[in-house]
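# Architecture at a glance
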Amino acid sequence: GATMSKNIQRFIEDIEVGMELEPTFNTPTTTQLFNYSAVSRNGHRIHYEEKFAHGDRLPAVLVQGPLQGAQLSAYICDWMGDAGFVKKYGFSCRGIAMPGETLTIKGRVKRTLEEDGNHAVELEGWEENGEGEKLVPATATVYLPSRAAQ
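Bear in mind that the values here come from a model prediction, so they are computed numbers and not experimental data. (Residues numbered from 1 in each chain as written. Predicted model: local features only at pLDDT ≥ 70, side-chain atom pairs only at ≥ 80, totals over all residues. Heavy atoms only, no water.)

## Things to note about the packing of aromatic side chains
The cut-off we apply is this: Note on aromatic pairs: the rings of Phe, Tyr and Trp (six-membered ring only in Trp) are paired at centre separations within 6.5 Å, and the planes decide the class, stacked below 30 degrees, edge-to-face beyond 60, tilted for the rest. Residue burial is assigned from relative accessible area. The probe radius is 1.4 Å, only protein chains are included, and a residue is buried under 20% of its type maximum, exposed over 50%, and partly exposed in between. Only when the NZ of Lys or the CZ of Arg is both within 6 Å of the ring centre and within 35 degrees of the ring normal is a charge said to sit over the ring.
Under the definition given, this model contains two aromatic pairs. Centre to centre, the rings of Tyr 89 and Phe 91 are 6.1 Å apart; their planes meet at 35°, and the pair counts as tilted. Phe 91 gets classed as partly exposed once you look at its relative accessible area, which sits at 36%. One cation-aromatic arrangement involves Lys 134 over Trp 126; the distance from NZ or CZ to the ring centre is 4.1 Å.

## Looking at the side chain of Asn 129
Basically, it comes down to this: Secondary structure elements are defined from DSSP: runs of H or I of at least 4 residues count as helices, runs of E of at least 2 residues count as strands, and each element is numbered from the N terminus. Polar contact criterion, stated in full: a pair of N or O atoms within 3.5 Å, where within protein one must be able to donate a hydrogen and the other to accept it, and residues adjacent in sequence count only if both atoms are side-chain atoms. The criterion used for residue contact is that any of the two residues' heavy atoms lie within 4.5 Å.
For Asn 129, the location among the structural elements is in the loop between strand S4 (118–128) and strand S5 (134–144). Residue Asn 129 is classed as buried on the basis of its relative accessible area of 5%. Looking at Asn 129, its side chain comes within polar contact range of the main-chain nitrogen of Glu 131, at 3.0 Å. Excluding residues within four positions of it along the chain, Asn 129 makes contact with Glu 101, Thr 102, Leu 103 and Leu 135.

## Some remarks on helix H3 (residues 65–80)
Going by this rule: Take the residue count of a helix, subtract one, and multiply by 1.5 Å to get its expected span.
Spanning 16 residues, H3 covers 23 Å between terminal C-alpha atoms, matching the ideal 22 Å at 1.5 Å per step. Turning to H3, its buried residues are Gly 65, Leu 67, Gln 68, Gly 69, Gln 71, Leu 72, Tyr 75, Ile 76, Asp 78, Trp 79 and Met 80. Check the buried side of H3 and you find it contacts strand S1 (20–26), helix H1 (30–39), strand S2 (85–91), strand S3 (103–115), S4 and S5. Gly 81, located one to two residues past H3, shows a positive phi value of around 90°.

## Observations regarding the pattern of salt bridges
Basically, it comes down to this: Any carboxyl oxygen of Asp or Glu that lies within 4 Å of a side-chain nitrogen of Lys or Arg is treated as forming a salt bridge with it.
Tallied over the full model, the rule gives five salt bridges. The shortest N-O distance in the salt bridge between Glu 20 and Arg 108 comes to 3.1 Å. Separated by 88 residues along the polypeptide, Glu 20 in strand S1 and Arg 108 in strand S3 bring together distant segments of the chain. With relative accessibility at 25%, the residue Arg 108 sits in the partly exposed group. Notably, a salt bridge pairs Glu 128 with Lys 106, separated by 3.2 Å at the nearest N-O pair. In this pair, Glu 128 sits in strand S4 while Lys 106 sits in strand S3, placing the two residues 22 residues apart along the sequence. Glu 128 sits in the buried class, given a relative accessible area of 12%. By sharing partners, the salt bridges in this structure join Glu 20, Arg 108 and Glu 124 into a single network.

So, to be careful, I would describe these as geometric facts and stop short of saying anything about function.
If you want it as structure tokens, here you go:
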């Protein structure tokens, strides 16, 4: 899948409440699901064996929730830049995604604040399907550097 532009550092001075993060797109493949199952030691066959998924009355194998959460986390890390710091991150799986389906990852700035002497940005992010359903909502608090400290 496509990712955001790398090597862009965000600074607190550039952030406005309500600003949208540039969306990115991802189309999971069955090979990716199989590999993720292997490295995460998730042996549940609904993620890599079509016949088994059908036996569980599912339309196809399913994209793993933790994989979707990891992709959202990477999206936020790409957005903030290398000098940023993820203070808090959480996600929830609310819908199913299947391989071959194009998923869109989006985000927006909810608020900015000073936290323990750091420039904090609260973000909401989500993954949605082609119908615009939010499958995986996420929240994050990240610390960004200030140009004044450069």
